[in-house]
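# Chains, contacts and geometry: an overview
Letter by letter, the chains look like this.
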Amino acid sequence: MTPLILASSSPYRRELLARLQIPFVWKAPDIDETPGKEEHPQETCLRLSLEKARAIGRFHHQGLIIGSDQVAERNGQAISKPIDHEAAVEQLTWASGRALQFHTGLCVLDAASGHHESLRVTVTVHYRTLTPTQIERYLRKDQPYDCAGSGRIETLGITLVEKVISEDPTALIGLPLIALTSLLARFGIVLP
């Protein structure tokens, strides 16, 4: 089987890729993730997923490299990872009773030829109306400071959500497996 390399430092993406039960290694790409000037979040996630794959491709000249990046957005404004408690409180207060979109870019790069295929999967998350007490309790328990939008849907963050609209539910966690399975098939890896 063609070697697979996941271009990501995210433990969430590693856990998701492991669900496909195919061998892979992961390497952390070293890229600048700053959005481009006037770049829409939909464009940013696609560009960064390709840049991540290419960054690993500079060191690995064989195999398929998977790059993925997620950018949360509300009304065209990118929402980053909160990093700390105060920023997370601000993000969840802002999201309360509203919908956010999470754009996940996905790229599969053939390291030998340089050929790549990319796509984007968008998930819309409708948040419940949250009280300051609910936000505090959630953040103290889950501490999702490394997650765009300050919520970890696969754990207690599910309690913040009214509904999720998506064609690929794993996209919200950071690696759209339905889409990835389709891309891998284009490169000759058919699952299961």
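Definitions and cut-offs
Residues numbered from 1 in each chain as written. Predicted model: local features only at pLDDT ≥ 70, side-chain atom pairs only at ≥ 80, totals over all residues. Heavy atoms only, no water. Phe/Tyr/Trp six-rings, centres within 6.5 Å; stacked < 30°, edge-to-face > 60°. Lys NZ or Arg CZ within 6 Å of the ring centre and 35° of its normal. Buried < 20%, exposed > 50% of the residue type's maximum accessible area, 1.4 Å probe, protein only. Helix = DSSP H or I, 4+ residues; strand = E, 2+ residues; numbered from the N terminus. Pairing = 2+ DSSP bridges. Right-handed = clockwise from strand over helix to strand, strands pointing away. Contact = heavy atoms within 4.5 Å. UniProt positions renumbered as here; feature names shortened; annotations may be inferred. Polar contact = N/O pair within 3.5 Å; in protein donor to acceptor, adjacent residues only side chain to side chain. Core = buried A, V, L, I, M, F, W, Y, C linked by side-chain atoms within 4.5 Å.

## Examining the packing of aromatic side chains
- Under the counting rule described, the total for this entry stands at 0 aromatic pairs.
- For the cation-ring pair, Arg14 lies above Trp26, with the distance from its terminal atom to the ring centre recorded as 3.9 Å.

## Observations regarding the pairing of strand S1 (residues 4-7)
- Residues Leu4 and Leu6 point to one face of S1 and Ile5 and Ala7 to the other, with burial holding for every one of them.
- Here S1 pairs with strand S3 (residues 64-74) via 4 bridges, running parallel. Within S3, the position partnered with Ile5 by the bridge is Ile65.
- Where S1 meets strand S2 (residues 25-27), 3 bridges bridge the pair, whose relative direction is parallel. If you follow Ala7 over to S2, its bridge partner there is Lys27.
- With respect to chirality, the unit in which S1 leads through helix H1 (residues 11-18) into the neighbouring parallel S2 is right-handed.

## Some remarks on the side chain of Thr44
- Looking at the element boundaries, Thr44 is found in helix H2 (residues 41-57).
- When residues no more than four places from it in sequence are discounted, the contact partners of Thr44 are Pro35, Glu39 and Val71.

## Some points on the UniProt feature "active site" (unreviewed entry) in the protein chain
- According to UniProt, the feature "active site" (unreviewed entry) maps to Asp69 in the numbering used here.
- Within the secondary structure, Asp69 is located in strand S3.
- Sequence-distant contacts of Asp69, defined by excluding residues within four places in its chain, comprise Arg13, Glu33, Cys45, Leu48, Ser49, Lys52, His103, Thr104 and Gly105.
- At 2.9 Å, the side chain of Asp69 forms a polar contact with the side chain of Lys52.

## Let's talk about the nonpolar core
- Within the largest apolar cluster, 44 residues are counted, with the highest numbers of intra-cluster contacts made by Ile66, Leu180 and Leu184.
- Contributing elements (two or more residues each) for this core: S1, H1, S3, helix H3 (85-95), strand S5 (99-110), strand S6 (116-127), helix H4 (132-142) and helix H5 (177-186).
- In this structure Leu184 touches Leu4, Leu20, Ile22, Leu64, Val108, Ile189 and Leu191, once residues within four positions along its chain are discounted.
- Formed by 9 residues, the second largest nonpolar core is a distinct cluster that contains Ile5, Leu50, Ala53 and Cys107.

## Details of the pairing of S6
- Alignment of S5 against S6, held across 11 bridges, turns out to be antiparallel. Following the sheet pairing, Leu109 is matched in S6 by His116.
- Summarising the sheet, S6 and strand S7 (residues 161-165) pair through 4 bridges and their orientation is antiparallel. Note on S7: the bridge partner recorded for Tyr127 is Val161.

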